[in-house]
There are 4 protein chains.
Amino acid sequence: MSGSIYGTIFRVSTWGESHGKGLGVVVDGCPAGIPLTEGDIQKCLDRRKPGQNKFVTPRKEDDAVEILSGVFEGKTTGTPISMLVYNKCQRSADYSEIASYYRPGHADYTYNEKYGFRDYRGGGRSSGRETIGRVAAGAVAKKLLASLGIDIFAYSRKIGGIEIVEENFNREEILNNPVCMPDAKAAKKVEQLLEEKIKEHDSVGGVVECQITGIPSGIGEPVFEKLSANLGKAILSIGAVKGFEIGDGFAVADAFGSTNNDSFYYKEEGSKVLEKSSNHGGGIYGGISDGSEICFRAAVKPTPSIAKLQKTVNKEGKNIEVSIKGRHDPIIVPRAVVVVESMAAITVADMLLVSMSARMDKIAQFFGREQCFMEILNKEENL
Amino acid sequence: MSGSIYGTIFRVSTWGESHGKGLGVVVDGCPAGIPLTEGDIQKCLDRRKPGQNKFVTPRKEDDAVEILSGVFEGKTTGTPISMLVYNKCQRSADYSEIASYYRPGHADYTYNEKYGFRDYRGGGRSSGRETIGRVAAGAVAKKLLASLGIDIFAYSRKIGGIEIVEENFNREEILNNPVCMPDAKAAKKVEQLLEEKIKEHDSVGGVVECQITGIPSGIGEPVFEKLSANLGKAILSIGAVKGFEIGDGFAVADAFGSTNNDSFYYKEEGSKVLEKSSNHGGGIYGGISDGSEICFRAAVKPTPSIAKLQKTVNKEGKNIEVSIKGRHDPIIVPRAVVVVESMAAITVADMLLVSMSARMDKIAQFFGREQCFMEILNKEENL
Amino acid sequence: MSGSIYGTIFRVSTWGESHGKGLGVVVDGCPAGIPLTEGDIQKCLDRRKPGQNKFVTPRKEDDAVEILSGVFEGKTTGTPISMLVYNKCQRSADYSEIASYYRPGHADYTYNEKYGFRDYRGGGRSSGRETIGRVAAGAVAKKLLASLGIDIFAYSRKIGGIEIVEENFNREEILNNPVCMPDAKAAKKVEQLLEEKIKEHDSVGGVVECQITGIPSGIGEPVFEKLSANLGKAILSIGAVKGFEIGDGFAVADAFGSTNNDSFYYKEEGSKVLEKSSNHGGGIYGGISDGSEICFRAAVKPTPSIAKLQKTVNKEGKNIEVSIKGRHDPIIVPRAVVVVESMAAITVADMLLVSMSARMDKIAQFFGREQCFMEILNKEENL
Amino acid sequence: MSGSIYGTIFRVSTWGESHGKGLGVVVDGCPAGIPLTEGDIQKCLDRRKPGQNKFVTPRKEDDAVEILSGVFEGKTTGTPISMLVYNKCQRSADYSEIASYYRPGHADYTYNEKYGFRDYRGGGRSSGRETIGRVAAGAVAKKLLASLGIDIFAYSRKIGGIEIVEENFNREEILNNPVCMPDAKAAKKVEQLLEEKIKEHDSVGGVVECQITGIPSGIGEPVFEKLSANLGKAILSIGAVKGFEIGDGFAVADAFGSTNNDSFYYKEEGSKVLEKSSNHGGGIYGGISDGSEICFRAAVKPTPSIAKLQKTVNKEGKNIEVSIKGRHDPIIVPRAVVVVESMAAITVADMLLVSMSARMDKIAQFFGREQCFMEILNKEENL
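Here's what I pulled together on the structure shown here.

1. Regarding the overall build of chain A
Counting secondary structure elements, chain A contains nine helices and 18 strands. By the compact-globule yardstick of 21 Å for 383 residues, chain A fits well, its C-alpha radius of gyration being 23 Å. Expressed along its principal axes, the backbone C-alpha trace of chain A runs to roughly 80 × 50 × 40 Å. Taking all 383 residues of chain A together, 68% fall into the buried category.

What follows is the structure in structure tokens.
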């Protein structure tokens, strides 16, 4: 396999290269009856689109999505939803030189080793454009989750060492600034830093944070299919991500049991509404959601394509120096925000559907067969 | 699904509860012809065994493994390898009280929410004993990898804030001290800290680090099945792990493109042996191994079971205070080391077998059908 | 993979060789809360047990099953159910000669080709004893299905050319005669035939038929995961099965559209209870159950191990003649009946759980989030 | 899941409805380096295309395929191959009436039950046009198999009771007559029958037979993933197929062990080239290919859409009579031939790639690590 299919029930199959005819995705296993339009998808794709401001690549790409199947009279039909974005502005010529050498920080060498050759135009399948399929599928997953009152949103937490300040947090600000930070002041500082880095022909990294609210308890499976493990895989499968942490994450390494455990309490004794005094665990225990907010972070590396001179080798066996030309962002983080959101949405949607088979009483109820189940239960009790 | 099966080709199916009859694993898809004995498995299981020293639970458990199938005349046969460890020392009475309340920091509440009830004896399937199956399967995976010259080893990098010092690094030291650190001095300091924490009825967390050497290039798939993503999932599926990072990990967030990219060079120009001046990427680019060393880290939380008084709730709707009794370690990290190693081995073994189907020329060679393939290639060229 | 794991949600992982230490199965993904005892499993295993009468092998094997995990206080917990049967009476000596040659009609040669060598004792994993794991898992699946009012039963339809007569059909007779026929008269004739064949050192084949009643409509997926396709795979994966047909099966080849289509009608016009005038389709259309009875058949080959002299080759390169000694049935069919039932039950249980994610309205209801879904629906309608 | 993804390594994800914008497929896991052109795909698609002669629907559809990804400079790159066919001639109006009732012999009712509503235009996803994705993916699989010298071809064996005669068998004849029979005389008789049936507004069924030659031994896995079981699933997943048999198939039910076993012999004693005196098993033993020809058959039902008057019900609760109008073939069989071939090719390609991980000696050789493996082997032997 080439690893481009993800999920157990809600399954996503992405395809396409940076400079091929187009990119897209097939979503298999989306339930029937969800209202879905091309507008729902386009709204998400536009958030990852290049050419929006000075910090992202000046390529003009429409990235207009077409839904080719799986929707009838405005609703999903339960059959595969195929979505397609044609490549408009490919300019392959820009990349022709790259064929002869391996770019540092890129997958050129490893693709060559794996496949014996590679589609060298713009990184082929290892390009950031590969995420178009993820975002389109994520838009479908988000619609599914919204139908259940589940909300997922991400933002830049830190860029080039500049971190948001909790008291300035304003969710609406995320879509207002070019660096997708929920803190206008921090965003301003980051913009200044990026302008400097552009002049230095260099790039910076950062941290994306994601919150999931409204999730029912009981989602995620014990052992290998923990919700946290699958979120980790989903996020670590995004090109530039080098680290993932949930709840307190790496900070737990320096914590004590007495400070790291989340205590339960009832606001009103006798009620069944249990609350937690803290959320160090990030809303997941034993791999299963506890119904509170889930919070995780991803470390995103600096854009590897930089104009600054770098050492590398060519295929003829020579040591060379290169300056990567072309249209490249000095920062990946803001465009990764919607990708992180999408992968989280796909993962939660899939695990939520899987989790429906956990309990026989609920299954019997689902099929209207409670009475049969009661008979089995009573029969056994008489043994 | 309950999520207890892992892998695509080399597939591991674990089972068993802390206080049930036993625990075990079935390994499906292990190639035929690997020499394998119960001793190979036992050696690994003994590294996670409790009762070895003052910092791990004083339970005396043999955890003696039996191979029930899949091995004939000392070699794997290619059919499922079933391995079983009977529970010897269960003392269920210790845990009877736990049934009535939810332990902070544990999966008691989430299991209850998911399944409607739970096996409350020692955490049931959410117990650390669940890792017996992982370690037994990991031992098989390690034997497979050793047959190809691939070595995987892990160790405690940091415990309770005390970190190893690079210049003291000595691999052989790992098995010499009770905290599995490759630095004897750091280990001594940790031992002192743990004695303090035991007195305070508290516990500490830490970081496990793992290195993989000898891996061929080309292992791992692009997009969702990146080697890094699957290592992440595998490690994050271990009970107490809250974070995962590969290569420079979260440090990339503060790095620049110019410092974070790994440069290639040839020691001798004209040779084909390419080297890297650094390994910030951790041996994986675009999700695919580049043949150099892979290095990753996992954040492990403090043991949640502590004797210190904690607030929680019982099922009758009361707010209560509890002191968790029973036999608990003040630190999970040292026993997690072999589990991290095992999950990494299982993941690499699986992805390595999957990666054999990447190139038609090698496939044709594998089946002794190079000539057929050459004909197809030549026919096309003539078109 | 060695292919010993089956299913998507309700997943079965079998292991064990004919003459190894034992055989067993792990069932992953069984919902929590189903009453389950070792007696439930044993009842099914006893139906495939040898040594029951003159037509099955005179080996005395207890085949006593032990449940090792996944059941707590008499109910399934939602975690893996591990079941084990130790081999008692192996007499490996009987089979030592077989190591040197390939038995006609057996998998000796293909295992050798695939793995480079084989566990030659009693066929190893290709033995009929491999079905112990299937039957134990099938017993769990049947309990799950019974909880929903779904009933599955199979029987010998034809043996050695002798077929049951519809008017003699009596379900209770199936367990009364040694050939598992629901027609006492046909069973008598078969018994006479088998006695003859034993004298001739030969064996006969037959057809097993299976009926599934009480299944809800909507089970099975379009395209590749049709209920009929998965039943076919499940049944064709049983050792001696060489053909599978559903509904009218191969008879459709000679039918006309006008005779083969099943007409719908309402007994009472205006009611919603739709009925069919016939069931040529076997209860499945487009791969999805229509709620009526499902009926399929499997062709089972004659026992390949016969005492009659046969030509074959040995590994030293010689043409030889062999008479297979040991304890072999002159007919596989009656012992295959419970295996067919088990594989059908596992398949239906799995597809039924998968089918719960087909419709958003039902999913929203399942999670108690109908209102969120209504809001999404209404919002769209206003567009 | 909606079940539109098939395979373990070579994975096929189809999408599209009869009257949507188009239909297509994504092939994930095709090895890199196979020459592939749109012409290769089109050649196969043209064989299932309607409008070719008087016995298939007179719709004029180009069904022109576009490869959108996964091919670079004429060769597969190892990344997903996305293929698309736009729908040209949809005439939805023809089908509008169908929305109100359930066509007998179709999946209208079961889709409605499963999803709550359906895309009623031409059967939506249950239409025969769904097979476009299968055939396009099958063309890729066939190219892969051809690269290894494996050939797959199918043909109509029997239509409306008229069967081919072995001595008239001529493979080249298959593409010469409109009913895809390898026997010109039988084809003529079938043509006469079809003309009659068209006049009677009725339809007929038949049997497709498929042969696979050049397959290496050792393909297929024991237990659940038998090659025969997966071929069965693949073929039974085709819309109109109601039965599958391999080798002697249902005839084994009436055979004896002494006549049904295939004997091995050496033409020259001392040689290693083993032969079989017969092929009742159809080239597969224990689910694993023995290297000889594989032969299977599929029972295909008569076209359910007939102009003859039929009883059915409408959604308003009335019993009605309908005559299905529109463009329908009196026979499905000839167009199913290439679909059967395609599904067989996909299955064999997938299982062949999976089978590469069966033996450690070959794996070590594949990775150029024979020496490491020898060391492990020798170490054990010294124990």
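After that view, the rundown keeps rolling.
2. Things to note about the interface of chain C and chain B
At the interface, 44 residues of chain C touch 44 residues of chain B. Buried area between chain C and chain B, both sides added, is near 3,500 Å², and the carbon and sulfur share of it is 63%. At the junction of chain C and chain B, the tally comes to four salt bridges. Note that B:Glu66 is salt-bridged to C:Lys21, the shortest N-O span being 3.5 Å. Here chain C and chain B share 10 residue pairs in polar contact (both at pLDDT 80 or more) between them. Every element with two or more residues in the side of chain C that touches chain B is listed here: β2 (11-16), β3 (22-28), β4 (65-67), β6 (75-76) and β7 (81-86) of chain C. In terms of residue count, the dominant contributor to the side of chain C that touches chain B is β2(C) (five residues). By residue class, the composition of the side of chain C that touches chain B is 15 nonpolar, 17 polar and 12 charged.

3. A short note on the relation of the copies chain C and chain B
Between chain C and chain B, the superposition needs a rotation of 180 degrees and an axial shift of 0.0 Å, giving an RMSD of 0.0 Å. The symmetry that links the two subunits is that of a two-fold axis. In terms of proximity to the rotation axis, the leading residue of chain C is C:Ser13, whose C-alpha is 3.6 Å off the axis. When you check the interface residues of chain C against chain B, 100% turn up at the interface there too, and the contact is symmetric in its surfaces.

4. A few points about the environment of A:Gly291
Residue and element names in this part refer to chain A. Of note, glycine 291 is situated in the loop between β15 (288-289) and β16 (294-300). The spacing of glycine 291 and glutamate 275 is 16 residues in sequence and 9.8 Å in space, taken between C-alpha atoms. Those residues in contact with glycine 291, other than ones at most four positions away along the chain, are Ile215, Pro216 and Ser217.

5. Focus on the relation of the copies chain A and chain B
When chain A is fitted to chain B, the residual RMSD is 0.0 Å, and the transformation amounts to a turn of 180 degrees plus an axial shift of 0.0 Å. With an isologous cut-off of 70% or more, the 99% of interface residues of chain A that recur at the interface of chain B puts this contact in the isologous class.

Thresholds applied
The numbering scheme is per chain: residues are counted from 1 as the chain's sequence reads. Think of it this way: whatever chain is written first is A, whatever ligand is written first is 1, and the rest follow in order. Predicted model: local features are reported for residues with pLDDT of at least 70 only, side-chain atom pairs are reported and counted for 80 or more only, and whole-chain, interface and lining totals are derived from all residues. Calculated side-chain values reflect all of the structure's heavy atoms, with hydrogen atoms and water omitted. Only DSSP runs of H or I reaching four residues or more are called helices, and only runs of E reaching two or more are called strands; each is numbered from the N terminus. Radius of gyration here uses only the C-alpha atoms, and the compact-globule reference equals 2.2 Å multiplied by the residue count raised to the power 0.38. The cut-offs for exposure are 20% and 50% of the maximum accessible area for each residue type, with area from a 1.4 Å probe on protein chains only; residues under the lower value are buried, those over the upper are exposed, and the others partly exposed. The contact definition used throughout considers only heavy atoms, calling two residues in contact when any of these lie within 4.5 Å. Values labelled buried area give the accessible surface lost by two parts on being combined, using a 1.4 Å probe and summing over both. Salt-bridge detection follows one rule: a side-chain nitrogen of Lys or Arg within 4 Å of a carboxyl oxygen of Asp or Glu. As used in this structure description, the phrase polar contact means that two N or O atoms lie within 3.5 Å; if the pair is within protein, one of them must be able to donate a hydrogen and the other to accept it, and residues adjacent in sequence are counted only when both atoms belong to side chains. Each residue gets one label: Ala, Val, Leu, Ile, Met, Phe, Trp, Tyr, Cys and Pro are nonpolar, Asp, Glu, Lys and Arg are charged, and the others, such as Gly, are polar. Only residues with pLDDT of at least 70 in both copies count here: their C-alpha atoms drive the least-squares fit that superposes the copies.

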